[in-house]
Structure formats: structure tokens, C-alpha cells
Amino acid sequence: MKRLPSFTRVVWAVDPFAEDRDLQQLAASTLDALVGGHVIQVEPVSVIHQPSPGDKIPRDEAAALAALRKMIATFGPKNALAPVVITQDEMALTEAVKKLIGHASETGAHLIVVGTDAMKGSTGFLLGSFAEAVILQSDIPTLAVSPRTRATTKITEIVFPTD
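The rules behind each value
Residues numbered from 1 in each chain as written. Predicted model: local features only at pLDDT ≥ 70, side-chain atom pairs only at ≥ 80, totals over all residues. Heavy atoms only, no water. Core = buried A, V, L, I, M, F, W, Y, C linked by side-chain atoms within 4.5 Å. Buried < 20%, exposed > 50% of the residue type's maximum accessible area, 1.4 Å probe, protein only. Helix = DSSP H or I, 4+ residues; strand = E, 2+ residues; numbered from the N terminus. Contact = heavy atoms within 4.5 Å. Pairing = 2+ DSSP bridges. Axes fitted to C-alpha atoms, helices over the stretch in contact; angles between N-to-C directions.

Overview of the nonpolar core
Thought 1: Ranked by internal contacts, the top residues of the largest apolar core, which has 23 residues, are Val 10, Trp 12 and Val 113.
Thought 2: Elements with a minimum of two residues in this core: β1 (9–13), α1 (22–35), β2 (41–49), α2 (61–75) and β4 (111–115).
Thought 3: Tallying contributions element by element places α1 first for this core, with 7 residues.
Thought 4: Once residues within four sequence positions are removed from consideration, Val 10 is found in contact with Leu 31, Ile 40, Gln 41, Val 42, Glu 43, Leu 111 and Val 113.

Quick word on the sheet that holds β4
Thought 1: If you walk across this open sheet you meet the 5 strands as β3-β2-β1-β4-β5, and the pairing is parallel. Strands with a single pairing partner mark the edges of an open sheet, and in this sheet they are β3 (84–88) and β5 (142–145). Within this sheet the neighbouring strands show an average axis-to-axis angle of 25°, counted without direction.
Thought 2: Note that β1 and β2 share 5 bridges and pair parallel. From the neighbouring strand, Val 10 faces β2, where its bridge partner is Val 42.
Thought 3: Sitting on the sheet, helix α3 (residues 93–106) touches β1, β2, β3 and β4, and the angle it makes with β3 is about 140°.

The quantities given are spatial measurements derived from coordinates; they are silent on function.
The following block contains the structure:
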């Protein structure tokens, strides 16, 4: 079997305001397993929209950074770089996906990891709209982590489709 070139940088798309932290914790442990003992930088990245005047909970850049730092301190991943928050003027999925992919390209990411909770209760392989849009639009390989992803301490094989 032919080995792929190694990678050194991963962008982890993470929602700092998600109420259910289980998916982020699973993504962090998956990243740790993927990284193993290799020198791979993991950059947590969040794309948020500018807060609205009527927002009851502060969801601005400072709140997002604080939430990301707390998340990383609580459960990793181990090789996490300083988190990055990208802001956009309005809440638009297409724009958020473009900004995330653009950032991943600009920083030389070899992989994007994105969580999707759309599979909760589903028997089929369905993705959330954000994860699906990233997978469909990105030229950078993307790994989707769902609640059905099995926690592991070591990843030995990855199967992916190619053209």
C-alpha cells in the first residue's frame, strides 16, 4: 500500500458556544489519536457572526476565545495552538464555510476536522449542513466527527475516496 505524504497542520472547526460539549470532546480525542506521537499542529478555529443587539448571551469574539481556551484546557487536543476566531457580519452558512476554508488554505492546513451532530438518532450517514458544505467545497481533505465516531487511542488506517 502506498503511503501518503505526512501532514503537519490541522484546522479544527469548533463551535465555542455549543451547549453539548460531548461532540467537541470526542473531536479532541479523535485529533489526539490522529496526531499520536507525531509533530502535528492543531489549530482550533471558530467562525462567528457579529452579535446582535438583542443577544441575551454574549457571543462576541472575546467570549468565543474564552470558551475555546476553556475547552482546550479541559479536554485538549494536546497539540492545540492558540485558538482563532474569525468574525463575519451576518450569520450565513456559505460565508462561514468560505472563511473557514480560506483560513485553512492560507495557513497551509493539510486537514480540516469538523464535528457534526446531525447523526444523533439517525441510522443513515447524514451530515449537518456546515460539515457537508465544508466537505463539498474544500480542496483540503476533511474529517467529519459525529457522535457515532468511536473513541480510540490510536488511528492506524483511514479510508477515503479518491478520483
